[in-house]
Amino acid sequence: MRNALGGRVPKHYDLLIGGSWVPSSAPDSHPVPVTSPFDGQVLATVSSASLQDLDFAVQMAEKGAKIWGEMPAYERSDILLKAAELADERASEIGAILSRENGKTLSEAVGEASRSGDLIRLATYEGTQLYGQTLPLDANRGTGLEKVGFTLRQPVGIVAAITPFNYPALLVNHKIAPALAAGNAVILKPATATPLTAFALAQCFIDAGLPEGVLSVLTGSGADLGNAIARDPRIRKLSFTGSTKVGLSLAAVAGLKKLSLELGSSAPVVILPDADLDLAAQAVATGGYVNAGQVCISVQRVIVHHEVEEEFLDKLTPLVKSLKTGDPRAQSTQVGAMINEKEAQRVEKIVAKAVNGGAKILAGGEREGAVFEPTLLANVDPYSSIAQEEIFGPVVVVSTAKDVDEALSFADSTPYGLAAGIFTSDLSQSVRFMRQIQAGVVHINWTPLWRADLMPYGGFKDSGVGKEGPRSAVEEMTEIKTVILHAQPWK
């Protein structure tokens, strides 16, 4: 018998509830296959959680949150740092699992998994730095020096995390590591397509000595579990990454709980006449096609000044054409499969519609199964659906602007505002862009597809609310309590 990666007998995963593996309580539950997007091989099967399983996980989390939240920060830190060590040791193994279930190239997958240890360490540090502040109460008229005021920061209790398929290690860690570091219990609902990476990461925390009840991983229907998680009043914080449509539906039923919603995007890059065109072309050729374009900060729209459009496209087009697709496990593959064939077909239809509307294919445009060629479209109307709506695939569209004002207007024309970039050697234009563009992250002389795990990360407009990044996430996963000490209560 070999494991899921070996391919003979798929492994079955029960639900991970409070640190223990538990079968689904659903009477008609059947194992759900997890398949490779590239070749359709069944890698493993997972259980489908019922609402009763969710209730049990919340009950366990209530107990775990009390134990974990009352533990001194240095004790939590010791356990989490051990989890980070295990994540480092298992990075290659986790990366291989990730590549197989997600379809991204093995090098990308191992690179993503290798960030886990450092990300856990960053979050762990922030969890030990929950500073409060003293309050100058005597500045309030009528109050003397007989009172002392200060604030305490404490965990919210239970954090629920709902994560997408595109970065099944990175985005899981960006949610559960800060939540645990802040002293919370966590219920994780990973994407249905990529649960195996989540289980492998969760095992690092369990093996490091996380107390019973503190961490659960529930697999199953996002529609059923997601809404139930959002509605549950015992869950004080919900952190979700996914589409704007789903984010809005979760927010509508969440009630009075804290929300972090990292949602859709249509990230623009502006190319001005004084830009380094070689640098811009190389950056776009990378930033538009990593993870087969299934990245919320992937370059989707390039708005190029008409004076340099032809030269820029002459540099960019051969770079896109040279990108090699194929088996994600092959070292020569630069762009792997999309998450499934249905998604690739969706992108195929989007491109066909754009071409019918006047866009010109300069590279790519063909599909084989779940593999969609890196595609470059020119002559794209900046207000067409392919520019305004999120593609979430390996497609970059190029529109032309007559001047700088029009370029900035096009860049800010969509409902989204997650990230944006500009290429220019003019400092004044850089400052103008960073101040005017409505985006949560702004890059000067690079594309939006760059993220340091420690930085604040989140969008404007329909791209969501709240910030990720360990320091920001720890703040959002804690509550501030104000304490007033009355030395003379009668005053």
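Preceding this paragraph is the structure being described.
Here is what the cut-offs are and how they apply
Residues numbered from 1 in each chain as written. Predicted model: local features only at pLDDT ≥ 70, side-chain atom pairs only at ≥ 80, totals over all residues. Heavy atoms only, no water. Helix = DSSP H or I, 4+ residues; strand = E, 2+ residues; numbered from the N terminus. Buried < 20%, exposed > 50% of the residue type's maximum accessible area, 1.4 Å probe, protein only. Polar contact = N/O pair within 3.5 Å; in protein donor to acceptor, adjacent residues only side chain to side chain. Contact = heavy atoms within 4.5 Å. Pairing = 2+ DSSP bridges. Axes fitted to C-alpha atoms, helices over the stretch in contact; angles between N-to-C directions. Parallel < 35°, antiparallel > 145°, perpendicular 65-115°, else oblique. Left-handed = near helix turned anticlockwise from the far one by under 90°. Nonpolar A, V, L, I, M, F, W, Y, C, P; charged D, E, K, R; others polar.

Within the secondary structure layout, Gln300 lies in the loop between helix 10 (277–287) and strand 14 (301–305). Given the relative accessible area of 5%, Gln300 is considered buried. Within polar-contact distance, the side chain of Gln300 engages the backbone oxygen of Ile386 at 3.0 Å. Within the local environment of Gln300, its side chain forms a polar contact with the backbone oxygen of Glu389, the two atoms lying 2.6 Å apart. Not counting chain neighbours up to four residues away, the residues in contact with Gln300 comprise Ser265, Ser266, Ala267, Ile386, Ala387, Glu389, Glu390, Ile391, Val395, Val396 and Val397.

Across the sheet, which stays open at both edges, the three strands sit in the order 1-5-4 with mixed pairing between neighbours. Where the open sheet ends on each side, the last strands, each with one partner, are strand 1 (11–13) and strand 4 (32–35). Taken pair by pair, the neighbouring strands of this sheet meet at an average axis angle of 30°, ignoring direction. The pairing of strand 1 with strand 5 (residues 42–46) spans three bridges and is classified as parallel. Its bridge partner lying in strand 5, Tyr13 is registered against Val46. This element, helix 7 (residues 195–207), spans strand 1, strand 4 and strand 5 of the sheet and lies at about 70° to strand 5.

Axis separation between helix 8 (residues 222–231) and helix 9 (residues 244–253) bottoms out at 8 Å; the angle between their running directions is 40°. In terms of orientation, helix 8 lies oblique with respect to helix 9. By crossing handedness, the relation of helix 8 to helix 9 is classed as right-handed. Here helix 8 contributes Gly226, Asn227, Ala230 and Arg231 to the contact with helix 9, which in turn contributes Ser249, Leu250 and Val253. When its residues are assigned to classes, the contact of helix 8 with helix 9 shows three nonpolar, three polar and one charged.

With mixed pairing, seven strands are arranged side by side in an open sheet as 15-18-19-14-13-21-22. Where the open sheet ends on each side, the last strands, each with one partner, are strand 15 (360–363) and strand 22 (441–444). The average angle at which neighbouring strand axes cross in this sheet is 20°, direction not considered. Pairing geometry for strand 15 and strand 18 (residues 375–378), over three bridges, is antiparallel. Along strand 18, the bridge assignment pairs Ile361 with Leu377. Against the sheet, helix 12 (residues 341–356) contacts strand 15, strand 18 and strand 19 (395–401), and its axis sits at roughly 20° relative to strand 18. Sitting on the sheet, helix 14 (residues 404–411) is in contact with strand 13 (268–271), strand 14 and strand 19, with an inclination near 175° to strand 14.

The next point concerns the packing of helix 2 (residues 73–89) against helix 7. Contact geometry of helix 2 with helix 7 gives a least axis separation of 8 Å together with a crossing angle of 135°. One element, helix 2, and the other, helix 7, form an angle in the oblique class. In terms of crossing hand, the pair formed by helix 2 and helix 7 is right-handed. Taken together, the residues of helix 7 that come into contact with helix 2 (itself represented by Leu80, Ala83, Leu86 and Ala87) are Cys204, Phe205 and Asp207. Partitioned by chemical class, the residues of the contact of helix 2 with helix 7 number six nonpolar, no polar and one charged.

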